[in-house]
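# Chain and residue survey
Take a look at the letters that make up each chain.
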Amino acid sequence: MEWETVIGLEIHAQLATKSKIFSAAATAYGAEPNTQACAIDLGMPGVLPVLNREAVRMAAMLGLAIGAQIARRSVFARKNYFYPDLPKGYQISQYELPVVEKGELIIDLEDGSSKVIGITRAHLEEDAGKSLHEDFHGQSGIDLNRAGTPLLEIVSEPDLRSAKEAVAYMKKLHQMVVYLGICDGNMQEGSFRCDANVSVRPKNQSQFGTRAEIKNLNSFRFVERAIEFEIERQIDLIESGGKVVQETRLYDPDKGETRPMRSKEEANDYRYFPDPDLLPLIVDEAFIETVRASLPELPDVKKQRFMTQYGLSSYDAGVLTASRPLSDYYEAVVAALGGEPKLCANWVMGDFSAFLNKDGKDIADSPVNAAQLAGLLRRIQDRTISGKIAKDVFEALWVGEGDTDAIIEKRGLRQITDTSAIEKVIDEVIAASPEQLAQYRAGKDKLFGFFVGQVMKLSKGKANPQQVNELLIEKLKG
Amino acid sequence: MNPSAPAAMHEQTIAQLSAGLAAGQFSSAELTRAFLERIEHSNPQLNAFITITAESALAQAQAADTRRRQGQAGPLTGIPIAHKDIFCTHGVRTSCGSRMLDRFIAPYDATVVERLNTAGAVMLGKTNMDEFAMGSSNETSFYGPVRNPWDLNAVPGGSSGGSAAAVAARLAPGATGTDTGGSIRQPAALCGITGIKPTYGRVSRWGMIAYASSLDQGGPMARTAEDCALLLATMAGFDPRDSTCVDRPVPDYVAGLNQPLAGLKIGLPKEYFGEGLDSAVAQVVEAAMAEYRTLGAETVEISLPNSQLAIPAYYVVAPAECSSNLARFDGVRYGHRCENPKDLLDLYTRSRAEGFGSEVQRRILVGAFALSAGYYDAYYLKAQQIRRLISNDFHRAFEQVDVIAGPTSPTVAFNLGEKVDDPITMYLSDIYTIAVNLAGLPGLSLPAGFVGQRPVGLQLIGNYFAEERLLNVAHRYQQATNWHQRTPAAFA
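Keep in mind that this is a model prediction, so the values were computed, not measured.

Criteria and thresholds
- Residues numbered from 1 in each chain as written.
- Chains lettered and ligands numbered in written order.
- Predicted model: local features only at pLDDT ≥ 70, side-chain atom pairs only at ≥ 80, totals over all residues.
- Helix = DSSP H or I, 4+ residues; strand = E, 2+ residues; numbered from the N terminus.
- Rg over C-alpha atoms; globule rule 2.2 N^0.38 Å.
- Buried ≥ 20, exposed ≤ 12 C-beta atoms within 10 Å, placed from the backbone.
- Contact = placed C-beta atoms within 7 Å.
- Nonpolar A, V, L, I, M, F, W, Y, C, P; charged D, E, K, R; others polar.
- Expected span 1.5 Å × (residues − 1).
- Arc of directions from axis to C-beta.
- Core = buried A, V, L, I, M, F, W, Y, C linked by C-beta atoms within 7 Å.
- Domains from an automatic or database assignment.
- Pairing = 2+ DSSP bridges.
- Axes fitted to C-alpha atoms, helices over the stretch in contact; angles between N-to-C directions.
- Parallel < 35°, antiparallel > 145°, perpendicular 65-115°, else oblique.
- Left-handed = near helix turned anticlockwise from the far one by under 90°.

Looking only at helices and strands, one finds 15 helices and 11 strands in chain B. For a compact globule of 492 residues, the expected C-alpha radius of gyration is about 23 Å, and chain B comes in at 21 Å, within 12% of that figure. Each principal axis of the C-alpha atoms in chain B carries an extent, and together these give about 70 × 50 × 45 Å. Here chain B, with 492 residues, has 61% of them falling under the buried criterion.

Helix and strand content of chain A: 15 helices and 16 strands. Here the C-alpha radius of gyration of chain A, 30 Å, is well above what a compact globule of 478 residues would show, namely 23 Å. The buried share of chain A, taken over its 478 residues, is 40%. Restricting to contacts in chain A with at least 6 residues of sequence separation, those with at least 24 account for 68%.

A few words now on the interface of chain A and chain B. Listed as interface residues are 26 residues of chain A and, on the opposing side, 35 residues of chain B. Looking at the side of chain A that touches chain B, its residues break down into 17 nonpolar, four polar and five charged.

Residues and elements named next belong to chain A. Under the 1.5 Å per step criterion, the end-to-end length of helix H12 (residues 419–432) is 20 Å for 14 residues, consistent within 8% with the ideal 20 Å. Buried within H12 are the following residues: Ile422, Val425, Ile426 and Val429. One face of H12 carries all of its buried residues, which in axial projection span an arc of 100°. More than 90 degrees from the buried face of H12, the exposed residues found are Ser420, Asp427 and Ala431.

Residues apart from glycine generally show negative phi values, whereas peptide bonds are mostly found in trans. Note that the residue after glycine 158 of chain B, namely serine 159 of chain B, is joined by a cis bond; omega there is 10°. Residue placement: serine 159 of chain B occurs in the loop between strand S3 (122–127) and helix H5 (161–168).

With that settled, consider the nonpolar core. All names here are of chain A. Counting residues in hydrophobic clusters, the biggest one holds 234 residues, and the most contacted among them are Ala59, Leu62, Ala166 and Ala196. Per element, the largest residue contribution to this core is 12 residues, and it comes from helix H2 (residues 163–180). Excluding its chain neighbours within four sequence positions, the residues that come into contact with alanine 166 are Ile7, Leu9, Leu160, Ala196, Val223 and Ile227. If you look at the next biggest cluster of nonpolar residues, it comprises 33 residues, including Ala374, Ile389, Ala390 and Val393.

Residues and elements named next belong to chain B. When you line up the elements, isoleucine 184 lands in the loop between strand S4 (174–179) and helix H6 (185–191). For the pair isoleucine 184 and leucine 470, spaced 286 residues apart in sequence, the C-alpha to C-alpha distance is 15 Å. Residues in contact with isoleucine 184, not counting those within four places in the same chain, are Ser160, Gly177, Thr178, Asp179, Gly195, Ile196, Lys197, Gly219 and Met221.

Turning our attention to the domain arrangement of chain A. Residue and element names in this part refer to chain A. For chain A, the domain assignment lists domain 1 (3–285), domain 2 (297–411) and domain 3 (419–477). Placing the centre of domain 1 and that of domain 2 at their C-alpha centroids yields a distance of 37 Å. Contacts between the two partners involve six residues from domain 1 and, on the opposite side, six residues from domain 2. Residue contributions to the side of domain 1 that touches domain 2 peak at four residues, all from H2.

On to the environment of threonine 294 of chain B. All names here are of chain B. As for its placement among the helices and strands, threonine 294 is situated in helix H8 (residues 279–294). Since 9 C-beta atoms lie within 10 Å of it, threonine 294 is described here as exposed. Separated by 67 residues in the primary sequence, threonine 294 and aspartate 227 place their C-alpha atoms 24 Å from one another.

The next point concerns the pairing of S4 of chain B. Residue and element names in this part refer to chain B. With six of six residues buried, S4 lies mostly within the body of the structure. Residues Gly174, Thr176 and Thr178 line one face of S4 and the alternating positions Ala175, Gly177 and Asp179 line the opposite face, and both faces are buried. Across six bridges, S4 lies against strand S6 (residues 217–222) in antiparallel orientation. Note on S6: the bridge partner recorded for aspartate 179 is glutamine 217.

What follows concerns the pairing of strand S1 (residues 3–14) of chain A. Residues and elements named next belong to chain A. Here S1 runs beside strand S11 (residues 192–202); their pairing, made up of 11 bridges, is antiparallel. From the neighbouring strand, glutamate 4 faces S11, where its bridge partner is arginine 201. Here S1 runs beside strand S10 (residues 150–156); their pairing, made up of five bridges, is antiparallel. Each bridged residue has a counterpart across the sheet, and for isoleucine 11 the counterpart in S10 is isoleucine 154.

Relative placement of two packed helices is described by the angle separating their axes and the distance separating the axes. All names here are of chain A. Relative orientation of the contacting elements helix H14 (residues 448–458) and helix H15 (residues 465–477) amounts to 120°, with a least axis distance of 11 Å. Compared by their axis directions, H14 and H15 come out oblique. For the element pair H14 and H15, the recorded crossing hand is right-handed. Side by side, H14 and H15 meet where Phe451, Val452, Val455 and Met456 of the first sit next to Val468, Asn469, Leu472 and Leu476 of the second. Looking at the contact of H14 with H15, its residues break down into seven nonpolar, one polar and no charged.

Before going further, it helps to spend a moment on helix H11 (residues 358–371) of chain B. Taking 1.5 Å as the rise per residue, H11 of chain B with 14 residues should run 20 Å; its terminal C-alpha atoms sit 20 Å apart, in good agreement. Looking at H11 of chain B, one finds that the buried residues are Val360, Arg363, Ile364, Gly367, Ala370 and Leu371 of chain B. Buried positions in H11 of chain B, seen along its axis, are confined to an arc of 130° and lie on one side of it. Among the exposed residues of H11 of chain B, those pointing more than 90 degrees away from its buried face are Ser358 and Leu365 of chain B. Contact partners of the buried residues in H11 of chain B: strand S15 (273–274) of chain A together with helix H9 (310–325) and helix H12 (377–400) of chain B.

Below, the structure written as structure tokens:
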């Protein structure tokens, strides 16, 4: 039988606020355990939550960016369950009335087409702390630094049909939240993580199959592998006469498999009810308009603009707009150079990105800024150096040997464009290669390349290649 | 008493003591010492205090005296008061009447405490209360029952029973209380003092250990409406730490006390004078209404048709919220933890079973049930709808009348142990007070007479933020009567 996969993702994006969603404690990652937890985060008796306005602003930003409705009135509820890293015995989360509803995201598929993925809702909630089971013999440690960190849970419609689509969607959303500056996107630190609801059904059946939820996938690769595994597991199960049960599963990256965590029967009854400590969240038009005005140019729009404004291919525009810092850098180089967008694109996507990668650096920490790169490209443009020599200059720039012109001077890399100087080199080469000359003149045209090579070699790559070509043709004629 | 001799310090109201301090008749240190001595002497009988903070009280008193010498004293500077043990007090045990928090030292001050400290008030100690404010007789306290100063066999009411008994027995001239379903007004009535539950949102709940967050409200308890006005003026006001606290200016409650009552329309809900009301209590309330008429007020019968729904709605909403509010007491971070837990579940269940008393456990279970899947709509949602009906009743009533009056409680103080095994009868003790919390309105109880040796409280209910009017209506009555001046013979 042919099977169809149905996937919906719930993505938790940690919002990049300075303080927590209901307290003034800092949200910075990696502090000593329990040093970033105030009385509110600890759930001390008598404490009360006060909503962080910035978290609301960030949620609204995402809502507007995905064309969603921003609820004028939304409600925080308590999700009640006991766990040692949940200090109050409940998590404050939005339940029936979320702040963002009905948005969509367009993903690009491998065959070059695109697909609209519905986003059911995005709601604000607080994160829990962490239980630490190592280092405490027979006991568990609790670190509440993360407790109260603002999260935006973004729930997709069950519109995804393969693991690849799920990854494409997750990457697109990742790009979006990072673009908006509302999430640092750091998946290793858990700032962007995903639960996947996966089910299969016979192709052409409209009814959904029973789904399993795979929890806490914190890399694109794990999402893909976990879903692939789960699809296969479910199909095998059904085809061998079994039934998928609705349950929560965990992905084990070491074994590459999912396994049950708890079934629906054992699921908690969270006893949701509106949190009486927090009034309904009312958002007015003025607030929404302020947020709208603050939105940056979104990735898809920017990509289109790069294609029309700079004449770039869809691929190049896509790469250059993948992140805001990269696109900003590119545009700064073009602006500084005053044109040649394709040359700039090749360099930003090529050597520049390669060096960043090699050194594991962010653009912000790049030793070569946009003006410096433009300075180098200008010397290609005005034929002071060739593109090949420019690669060496770039490396020198990268390691801090000074500015482009100084490096060119110091290393004597200036391109030779003086005809008589080039002719002199050509004469030398011809004089040293009588055999090749004879063969060439006898009709072995292929040897032209040999002469070019020799000239370039003798000139240490500095002779202008175009001039070398023209002059050689003449000289070789004899 | 010789009318020309000044009354003993403990016999004076806060207003009088404030004047005495201002006139230099005595220092705050002397005043504080006098009350500490009375507490030391009488508390073993009454059990009104869980914690007595003599040392810090004297230090605060001395600081108040210094402040006065520097010309920076306000009306409450140097006035000793007691705090209900539900308010967090920095560095001082804050038990909430529970074994769960028997050894809990609060790491911060509640806003109410902070405001009174800033005003220069002196904290004598922390008063006894029903465990987590759940009770109407103060018998659910881990620290044992409080006794009613008017009759040591009687309960003082609850849950602010310790505060009420302390003020009635003149162990403190004023105290803080909290009121979720009547916990300020009912003990005030049963102990013959004055207490006001302000409009929900008038007083910050920051640092006030939550029982039912949408109903809880702190307020003052003292002998007179004037003293309540003095205390409330300091306690009330916006606090950015409490999202439900209302940002609205606090009127000068004292300045408004003497407005005449001519033309005042008092509504008497017929539902508050029906079955279940003790006839002797009814007579006291009727006499009080007669007094109001001589003061120029008009009394009219009104109806609050959904009154009978208040108790059932309350006993869904309050337990539901408490089941969640009390989840943080899990033995993990603070509070009672059982010995040698064998696993996590054992840690939770034994810590909570040992730390909470039976009434608290009952309400947690009821509340968890009311919120559980499949029952939420039938209980919690229905109760919230009833709240709206009850609020609408009051809204309509206040289109006709300025204040509503009636008995605070259907009976005078009952005997210790009398209702402790019968929760439903106990719950009926708050039948006239609960609707006020469900609607979020201000309510005040003031002494209006006696049945035998036991005081009767008159309840006044006002419209939203009408505390000033309520205090005024109570004050004018107290200018014309002397019920509030009666002192229990054993504590004169």
